[in-house]
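Take a look at the letters that make up each chain.
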Amino acid sequence: MAIPALEEREFIERFGPTLHYGPMHGGERPKPDTHVRTHCCFCGVQCGIQLEVHDNKVVGFEPWEEFPVNRGMLCPKGVKRYMQNGHPDRLLAPMVRTPRGFDATGWDDALNRTVAAIHRIQARHGKDAFAVLGGASMTNEKAYLLGKFARVALKTANIDYNGRLCMVSAGAANKAAFGVDRSANPWSDIPLARALIISGANVGECFPILTDYIWRARDNGAKIIVIDPRMTPIARTADLFLPVRPGRDSALANGILHVMIERGWIDREFIEAHTVGFDQVSGVVAGYPPDVTEAVTGVPASSIVRAAEIWGPAETSMLLHARGVEHHTKGVENCRSYINLVLATGRIGRPGCGYGTLTGQGNGQGGREHGQRTNQLPGGRDIENPEDRRFIADFWQVPEAEIPHTGLTACEIIDAIEDGRIRGLLSISFNPLVSIPDADRTRAALGRLEHFTCIDFFLSETARYADVVLAGSLQEEDDGTVTTGEGRCVRLRQAVTPPGEARVDWEIIVDIARRLGYDEQFPYAIPKDIFRELARASAGGNVDYSGMDYARIEENMGIFWPCPSRGHPGTPRLFEGRRFHHPDGRARFQAFEYRPPAEDVDAEYPLFLTTGRVVSQYLSGNQTRRIGPLVDQYPEPLCEMHPLSAARIGVADGDPVRVETRRGAIEVPARLVRTIRPDTVFVPYHWPGPKSANLLTNRALDPVSKIPEFKVCACRVRRAGASADASGTVSDD
Ligand code: SF4
């Protein structure tokens, strides 16, 4: 088998941006031999699903009605997820790059090349010159294994994961405010809330099954506030919609809290007994009266007051946010500003009262807990904390001094490849060429690597730059666990074995570790062995799974951490008893003065560009762009814009437009909608090549979480082919 090693643009021109796989593989659906209860792989809700299996192929699905989170319901992605199995693009054997393209090879040859490259690069340039990038859709077992592999077998500090592009701002804010990084409540608390704030969360498209929880809250009488620059589907059923100007969330939260304090809608007793820092907050938000907040955020003062009137005196309430708040150079500040609204009311740690961050990646929660982040060791431990380092060093039986310290985060690793500090890369289930901002720089960086090994199940756009491609496993081809966005660890069950010569991912990583001479440290025979070790490694840590095992997880349809002992039932709701996870048991307030995005609009680039998902696609699209019915729903990226801004540049619905930023330009059809602010355009980010939204976005990072600013940068738009001075400027009033 030879697959041409084409440059990405050339590949797309020749084969098209999507490799289309039609309904039911063109034949009649065979009768299943078995049904396997597992979970959907396409978002952090992890809906229960039964996969139908025939002759070692997934051929369909049935609802799994007993699983309590989705009770048999599935969204458009969930009902088509089975179609990725048996796909003709599936990688069936390891491959190596040759002058002719990619050639299939044997496992020994492929793995020995990888190991030789690791030895060569680390001997010449130091341990940290070889980096590792992991995915947040991988199982907990793989996340743990990859972290241990990097620290013990490679001894590199430079390991990070693609959750760095997703939930890390919320994670850092949760840790700072509550002392622990997890949503505070199970989703079953949402319908009990009498007021909901949903900020920067396109629930209907990104976590569709959670819409049902919000509708149930509404049916129970809840008032719903939605904050977003776009009137997303969930906003259309809200009681109050606040169309915030992109990049202004912290100011808006300050403004709402200003009114709450002024009207006395805060719980002084709770604040006094269970928190620290309220005086600093009240000092900062004093500077955000409604008129000032309106001027910054674009949200009418009367709506800011109305939000406070709904939220302030509510009997019960929950605040939910997602990437719209977090994907900013002040993502952590935005999240903490919203958390202030929760803490000020004291409504947390009881039924229907609390806070949650909605995780978009399949294992967005678990993927960030078990040590594949550069600043973290298993059990959510801090890699810079001497006690945490000693615990894990003893557990792994390595000298503490040999465990690397904090290295580079995901985008910084790409920067370091660009400037030559990093020469070798092993990546698994991560497609940075599509998912990291400023894609032309990422492409150039990948081309500079002395060696690149990529583990994946489909040849992603990034994998086309690899020297060695190792055919790994789809979710349904392996056993393991993932942890849902509400903190519930659930079991994934293997439905089929990998096809051809492909292998399960964890076996590949273990094989490389053993070839590097670390047989004893990587003794696993089955994923359950890794889970047992992961659970023991987490004992006493911030993220404690030590009371869990596969049998208990299955019996209970998932267990919420912390679960510190065998008899412990797990912890669906955190902070009951109003005790937070800081040593003094108190939550931390902190407010921030508003500061603008890294790149704000100006005369040259007068429109805000914001990016995000559509319901039929998942992340970089490496899986969902191959499933025909999902492609049909939204075949290519569109530029969503308001008719007012379109009229200014003479564009009608469907016309091709050129969207330009200081980093690049793309040409895509315009989609005119009245549901977006007139000063803002939206482009979804699931596509590669010349229409990739991440050719436009800004790789500026939050200083704490190191998340890039996907949700706001300055752009200009004109009709494709029109002269540069045809880009219109539109005000939002
Ligand atoms: Fe899958 Fe998420 Fe849809 Fe559930 S909501 S079916 S987990 S994509």
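Criteria and thresholds
Residues numbered from 1 in each chain as written. Predicted model: local features only at pLDDT ≥ 70, side-chain atom pairs only at ≥ 80, totals over all residues. Heavy atoms only, no water. Helix = DSSP H or I, 4+ residues; strand = E, 2+ residues; numbered from the N terminus. Rg over C-alpha atoms; globule rule 2.2 N^0.38 Å. Buried < 20%, exposed > 50% of the residue type's maximum accessible area, 1.4 Å probe, protein only. Contact = heavy atoms within 4.5 Å. Areas by Shrake-Rupley, 256 points an atom, 1.4 Å probe, with all protein chains shown as cover. Lys, Arg positive; Asp, Glu negative; His and termini not counted. Charge placed at Lys NZ, Arg CZ, Asp CG, Glu CD. Axes fitted to C-alpha atoms, helices over the stretch in contact; angles between N-to-C directions. Parallel < 35°, antiparallel > 145°, perpendicular 65-115°, else oblique. Left-handed = near helix turned anticlockwise from the far one by under 90°. Nonpolar A, V, L, I, M, F, W, Y, C, P; charged D, E, K, R; others polar. Pairing = 2+ DSSP bridges. Near = heavy atom within 4 Å. Domains from an automatic or database assignment. Buried area = accessible area lost by both parts, 1.4 Å probe. Salt bridge = Lys/Arg side-chain N within 4 Å of Asp/Glu carboxyl O. Polar contact = N/O pair within 3.5 Å; in protein donor to acceptor, adjacent residues only side chain to side chain. 1 Å grid on protein atoms, 1.4 Å probe; cavity = no way out; pocket = protein on both sides within 12 Å on 5 of 7 lines; lining within 4 Å. Points joined across faces, edges and corners; volume = space filled by probe spheres on them.

### As for the overall build of the chain
Phase 1 of the analysis: Counting its regular elements, the chain contains 22 helices and 31 strands.
Phase 2 of the analysis: The C-alpha atoms of the chain give 25 Å as radius of gyration, which agrees with the globular expectation for 733 residues (27 Å, within 12%).
Phase 3 of the analysis: C-alpha atoms of the chain, sized along the principal axes, occupy 70 × 65 × 55 Å.
Phase 4 of the analysis: Looking at the 733 residues of the chain, the share that counts as buried comes to 67%.
Phase 5 of the analysis: In the chain, of all internal contacts separated by at least 6 residues, the share reaching a separation of at least 24 is 75%.
Phase 6 of the analysis: When the accessible surface of the chain is split by element, carbon and sulfur atoms take 49% of a total near 23400 Å².
Phase 7 of the analysis: Computing the positive centroid from 85 side-chain charges and the negative centroid from 92, the chain places the two 0 Å apart.

### Brief notes about the packing of helix H7 (residues 249-263) against helix H13 (residues 331-345)
Phase 1 of the analysis: Running from amino to carboxyl end, H7 crosses H13 at an angle of 20°, the nearest separation of the two axes being 8 Å. Between H7 and H13, the interaxial angle falls into the category roughly parallel. Where H7 crosses over H13, the two elements pack in a sense that is left-handed. Of H13, the residues touching H7 (which contributes Asp249, Ser250, Leu252, Ala253, Asn254, Ile256, Leu257 and Met260) are Glu333, Asn334, Ser337, Tyr338, Asn340, Leu341, Ala344 and Thr345.
Phase 2 of the analysis: Taken together, the residues that form the contact of H7 with H13 break down as eight nonpolar, six polar and two charged.

### Thoughts on the sheet that holds strand S2 (residues 34-39)
Phase 1 of the analysis: Taken in spatial order, the three strands line up as S2-S3-S4 in an open sheet, and their pairing is antiparallel. Two strands bound the open sheet, and with one partner strand each, they are S2 and strand S4 (57-63). Ignoring which end each strand starts from, the neighbouring axes of this sheet average 35° apart.
Phase 2 of the analysis: Across six bridges, strand S3 (residues 48-54) lies against S4 in antiparallel orientation. Its bridge partner lying in S4, Val53 is registered against Val58.

### Some thoughts on the site of the ligand
Phase 1 of the analysis: Around the ligand sit Cys40, Phe42, Cys43, Gln46, Cys47, Leu74, Cys75, Lys77, Gly78, Pro208 and Ile209, and that is every residue in its neighbourhood.
Phase 2 of the analysis: By residue class, the composition of the shell around the ligand is eight nonpolar, two polar and one charged.

### Quick word on the domain arrangement of the chain
Phase 1 of the analysis: Split into domains, the chain comes out as domain 1 (22-84), domain 2 (95-165 + 390-485 + 495-538), domain 3 (168-357) and domain 4 (607-732).
Phase 2 of the analysis: Centre-to-centre, using C-alpha coordinates, domain 1 lies 32 Å away from domain 4.
Phase 3 of the analysis: Surface buried jointly by domain 1 and domain 4 totals about 910 Å² across both partners, of which 70% is contributed by carbon and sulfur atoms.
Phase 4 of the analysis: Inspection of the domain 1/domain 4 interface yields zero salt bridges.
Phase 5 of the analysis: Across the contact surface, domain 1 and domain 4 share two residue pairs in polar contact (both at pLDDT 80 or more).
Phase 6 of the analysis: Split into classes, the residues belonging to the side of domain 1 that touches domain 4 amount to six nonpolar, two polar and two charged.

### A closer look at the layout of surface pockets
Phase 1 of the analysis: Roughly 520 Å³ of internal volume is contained in the largest pocket.
Phase 2 of the analysis: In terms of lining residues, the largest pocket is bounded by 34 residues, among which Gly171, Ala172, Lys175, Arg373 and Asn375 are the most central.
Phase 3 of the analysis: Put simply, the parts of the chain that give the lining of the largest pocket at least two residues each are helix H4 (168-178), H13 and strand S16 (381-382).
Phase 4 of the analysis: The element best represented in the lining of the largest pocket is H4, accounting for five residues.

### Notes on empty space enclosed by the protein
Phase 1 of the analysis: Summed over the entire model, instances satisfying the criterion amount to five cavities of 30 Å³ or more.
Phase 2 of the analysis: Estimated volume of the largest cavity: approximately 570 Å³.
Phase 3 of the analysis: Built from parts of two domains, the lining of the largest cavity gets at least three residues from each of domain 2 (95-165 + 390-485 + 495-538) and domain 4 (607-732).
Phase 4 of the analysis: Quantified by volume, the second largest cavity comes out at close to 340 Å³.
Phase 5 of the analysis: Forming the walls of the second largest cavity are 29 residues, and the residues nearest its centre are Gly200, Arg323, Gly324, Thr611 and Lys711.
Phase 6 of the analysis: Broken down by secondary-structure element, the contributors of at least two residues to the lining of the second largest cavity are helix H12 (323-326) and strand S24 (607-612).
Phase 7 of the analysis: Considering each element in turn, the lining of the second largest cavity owes the most residues, three residues, to S24.
Phase 8 of the analysis: Here the lining of the second largest cavity spans two domains, and each of domain 3 (168-357) and domain 4 (607-732) adds at least three residues to it.

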